[in-house]
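Overview (structure and organization)
The chain contents come next:
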Amino acid sequence: MSSYLLSLLSYAGINIILVASLNLINGYTGMFSLGHAGFMAVGAYTSAWITNWAMFNHPTWMLFWFPVSLLSGAITAGGVGFLVGLPSLRLKGDYLAVVTLGIGEIIRVCILNFEPLGGARGMSDIPHLSSIIWVVIFGATILYLLWRLIHSPYGRSWMSLREDEIASQAMGVSSLRYKTTAFVWGAAFAGIAGGLFAHELRYLNPGIFDFNRSFEITLMLVLGGLGNFWGAVISASALTLLKEALKPLQEITRIDFRMIIYALVLISVMIIKAKWKWKRHERT
Amino acid sequence: MNALDIKNISLSFSGLKAITNLTLSIPQEKIYGLIGPNGAGKTSLFNILSGLYSPTQGDVMMLGKSILNKHPHELPRLGLARTFQNVRLFKKLTVEQNILVALDQKKEVDLKQKLKNYFYLLFSTRHFLSDEEELLGQANLILKEFDLQEHAQTLAQDLPYGLQKKCELARAYATGAQILLLDEPAAGLNPQETAVLSVLLRKLRDHSKLTLVLIEHDMKFVMGLCDQISVLDYGVKIAEGTPSQIQKNPIVQEAYLGKARSKDV
Amino acid sequence: MNEFFQHLINGLSLGGMYALLAVGYSLVFGVLRMVHFAHGDVYMVGALTGVMVTRALKLSDNPSLGSLMIVLTSAMAVCAVLGFLIERLAYRPLRNAPRIHLLITSIGVSMLIQFSAQLIAGPDPLFFPNLYSGETEFSFLSLKMTAMQAVVLGAALVLMLVLQFFVSHTRTGRSLQAVSFNHELASLMGISTNKAVSLTFMLSSALAGAAGVLIGQIYPKVEPFMGVMPGLKCFSAAVLGGMGSITGAVTGALLLGLSETFLVGYGSSTYRDALAFILLLGVLLFRPNGILSKATQEKV
């Protein structure tokens, strides 16, 4: 298989992790986070920074340092997720969405202004430590962990908060505890995806992790179905491949047609879903 | 010791006085009825008891300890659970899952246990499966007790109304709380279902040793079931006593029927 | 001391501009209880329309109040239509859907407008030519205000007053208030909810269009993504003053304008954009109904 194809599959795998991790926050727990790219950025930069350090000091141990850097990225991203999760309780629906969007932007701006991480220039010459094998290993593990979490008391508590927060609390579910936990897990997994991404693209720049990125991930999730485990996986892979297929179009015109198509598809799907549900409702 | 001691509770919403200086004592292992015209403040009282509202004054004690500023989610473990006037089940979850959610929260977990649970959850299939099996077993017992087994895998939103009410009751029971606040448990039930509910509630009182507080409008149901009743009107307690005492009370009659009518009765 | 008053004037001027957008968010939230994510992009369309009309009619050759009026009216008209279409085509079908779906669609509409504008206007930014000779400056006790600032502030004030009058003293306006309280009740009273909602969108969008032209006179750079930051900031302003009320939106906008100007004047400008967001977070955490409200209990 050509290296181009393997690289493409890696990106698909990375997106699967991103969408599945967002599914935990938005799909299963019913919150609306629009800053997922921020968590990805934290993981990406943490991981790249560590491998950068390791390359200088222990260049022969990269096989060890790479996964360690990924896990560190998960921890820092998870930490940020925890901080984001705390105020999330007081904020409902639209307000939470705007706040998380803002937080994603703040993360990006902080990185932009932080010279040790390259600031606006970004980080380049990141070693190509990622590979389809690593993506599969981490991806499969993350999907497995997500599956377990969802089919456990945690998953049920998250879903109960989504269904009816007041009733859920009345049955003993601590909104604070479970919502922040959802954010921590979601962010941590996104952090790993970020680390894998950094070592596949071999270049990082805060502009990569802007709202458009968060929107793309959200789009993939919504099209796959909020709260639908395999739907998220399928739509993430399909849309990554589709995006590549449409690339020539963008290169010709310098204009991002893909975003227009994405937006139209998203709006149409939402309207169709709503009309279909209404018809179903009318039948009963 | 009383199950619940409500002392001098007052509640207002931007100037509207929902409850004024209410004092009630609910004894243990009894079925207590709360009746009164609509808007009398009954559900608001439940909301205070379950931690959703903060009263402007007063205190609430459960088994001698104050529960006034507790978060709603702390109450089931302390011994208080409730149902809602407009059934609030987890619609897209199955009946079994609804019950499980309540059961999941029962265990008190300290930090060490929490970390251990995580480890099992993620890495030990054996432990994870056996824990889940145990929970499922408990859920099934509860479903049997409430005669809901055949609907275990049905989504809550697909249940007929009467069964939804029963499911909500089962879910509150599953929390393990000794005190259950039931908001209009018989609303919308036909006479057969109401009779079955009466039997069920008596069983909960006698065999499971629970204390039940009911808000109800079905008078026959209330008078036939409750050990004690309080009547609220406009946020104030206007009468308290046994069913026969309440039925004979002229103030109660007036509140329900209006001044002129009560003179005919 | 002079500096202080200068900042005050600039802050109020900035706040006035924010108010034009903030009011839109409040109005829409009032009738639909949703955050109209695409509002900032309607503002961008207003600016874009303004530029294109100016070019087409070659109005920059004869800068005058008249030209400004023409451009203003056309931008407002185009945006009103845009607002109507957005509501009719994208939001109305989702009237009974879960809030999250509406939110997602709103974002989709926002993206669609942004990237379509990119398609139409090309990837390079455009610049708003001067429609009114901004050369003259008013000086009072060494405080300066450019003619443009004055016009913008004045126009904003006029529009606000007209809007306020419309909402409180006309029958149609009051029906909008009724719908914002309760859809069902309003329709029982014979008010067409759909018409009221459409009208609300058209009004908000027209104001946003006006803002696009007016602000474009002071900050002439026009590009497809220019609506994002102002959108977020004005949303924050609306929340700050209390979502759903016109006076609240105006108050919040003025406060935001003043705080930003003072921050840049006395502090650093790096965190200028972050200020709006910090204020937003603060309000949402401590006074979700806006700073003008008391902390009240929500009825379950």
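Quantities reported herein were computed from a predicted structural model and do not represent experimental measurements.

The next subject is the overall build of chain B. Helix and strand counts for chain B stand at 11 helices and 10 strands. Against the compact-globule benchmark of 18 Å for 265 residues, chain B has a radius of gyration of 20 Å, which places it among compact chains. Seen along its three principal axes, the alpha-carbon backbone of chain B occupies a region of about 70 × 40 × 35 Å. Here chain B, with 265 residues, has 40% of them falling under the buried criterion. Nonlocal contacts in chain B, meaning residues at least 24 apart in sequence, comprise 66% of its contacts between residues at least 6 apart.

A word on the interface of chain A and chain C. Contacts between the two partners involve 29 residues from chain A and, on the opposite side, 31 residues from chain C. Among the secondary structure elements, those contributing two or more residues to the side of chain A that touches chain C are helix H4 (93–112), helix H9 (211–224) and helix H12 (257–283) of chain A. Take the side of chain A that touches chain C: its biggest share by element is 11 residues, from H12(A).

Residue and element names in this part refer to chain B. Summarising burial for strand E8 (residues 211–215): five of the five residues are buried, a large majority. Taking every second residue as pointing to the same face, both faces of E8 are buried, with Thr211, Val213 and Ile215 on one and Leu212 and Leu214 on the other. Sheet topology places strand E3 (residues 31–35) next to E8; four bridges connect them, and they run parallel. Bridge pairing links Ile31 to Leu212 in E8. With five bridges connecting them, strand E7 (residues 179–183) and E8 associate as parallel partners. Among the inter-strand pairings, Leu181 is bridged to a residue of E8, identified as Val213. With helix H7 (residues 191–206) bridging E7 and the parallel E8, this β-α-β connection has right-handed handedness.

What follows is about the packing of helix H10 (residues 246–266) of chain C against helix H11 (residues 272–286) of chain C. Residue and element names in this part refer to chain C. Here H10 crosses H11 at 140 degrees, and the two axes come no closer than 10 Å. Judged by the inter-axis angle, H10 sits oblique to H11. At the point where H10 passes H11, the crossing takes the right-handed sense. For the pair H10 and H11, contact is made by Leu256, Ser259, Glu260, Leu263 and Val264 and by Arg272, Leu275, Ala276 and Leu279, respectively. Here the residues of the contact of H10 with H11 sort into six nonpolar, one polar and two charged.

Counting residues in each nonpolar core, the largest one holds 264 residues, and the members touching the most others are C:Ala19, C:Leu20, C:Ala22, C:Val23 and C:Ala210. By residue number, the principal contributor to this core is helix H8 (residues 175–201) of chain A, which donates 15 residues.

We now examine unusual backbone geometry. Generally, phi is negative for residues other than glycine and the peptide bonds are trans, each holding for most cases. Positive phi, normally seen in glycine, also occurs at A:Asp125, with a value near 55 degrees. Tracing the backbone through its elements, the reader meets A:Asp125 in the loop between strand E1 (123–124) and helix H5 (132–150).

It is worth spelling out the domain arrangement of chain C at this point. Residues and elements named next belong to chain C. Here chain C is partitioned into domain 1 (20–226) and domain 2 (227–292). Measuring from the centre of the C-alpha atoms in domain 1 to the corresponding centre in domain 2 gives 19 Å. Taken residue by residue, the interface counts 20 residues in domain 1 and 17 residues in domain 2. Looking at the side of domain 1 that touches domain 2, the elements that each hand over two or more residues are helix H1 (2–32), helix H2 (39–56) and helix H5 (147–169). No other element matches the seven residues that H1 contributes to the side of domain 1 that touches domain 2.

Reading the values: the criteria
- Residues numbered from 1 in each chain as written.
- Chains lettered and ligands numbered in written order.
- Predicted model: local features only at pLDDT ≥ 70, side-chain atom pairs only at ≥ 80, totals over all residues.
- Helix = DSSP H or I, 4+ residues; strand = E, 2+ residues; numbered from the N terminus.
- Rg over C-alpha atoms; globule rule 2.2 N^0.38 Å.
- Buried ≥ 20, exposed ≤ 12 C-beta atoms within 10 Å, placed from the backbone.
- Contact = placed C-beta atoms within 7 Å.
- Pairing = 2+ DSSP bridges.
- Right-handed = clockwise from strand over helix to strand, strands pointing away.
- Axes fitted to C-alpha atoms, helices over the stretch in contact; angles between N-to-C directions.
- Parallel < 35°, antiparallel > 145°, perpendicular 65-115°, else oblique.
- Left-handed = near helix turned anticlockwise from the far one by under 90°.
- Nonpolar A, V, L, I, M, F, W, Y, C, P; charged D, E, K, R; others polar.
- Core = buried A, V, L, I, M, F, W, Y, C linked by C-beta atoms within 7 Å.
- Domains from an automatic or database assignment.

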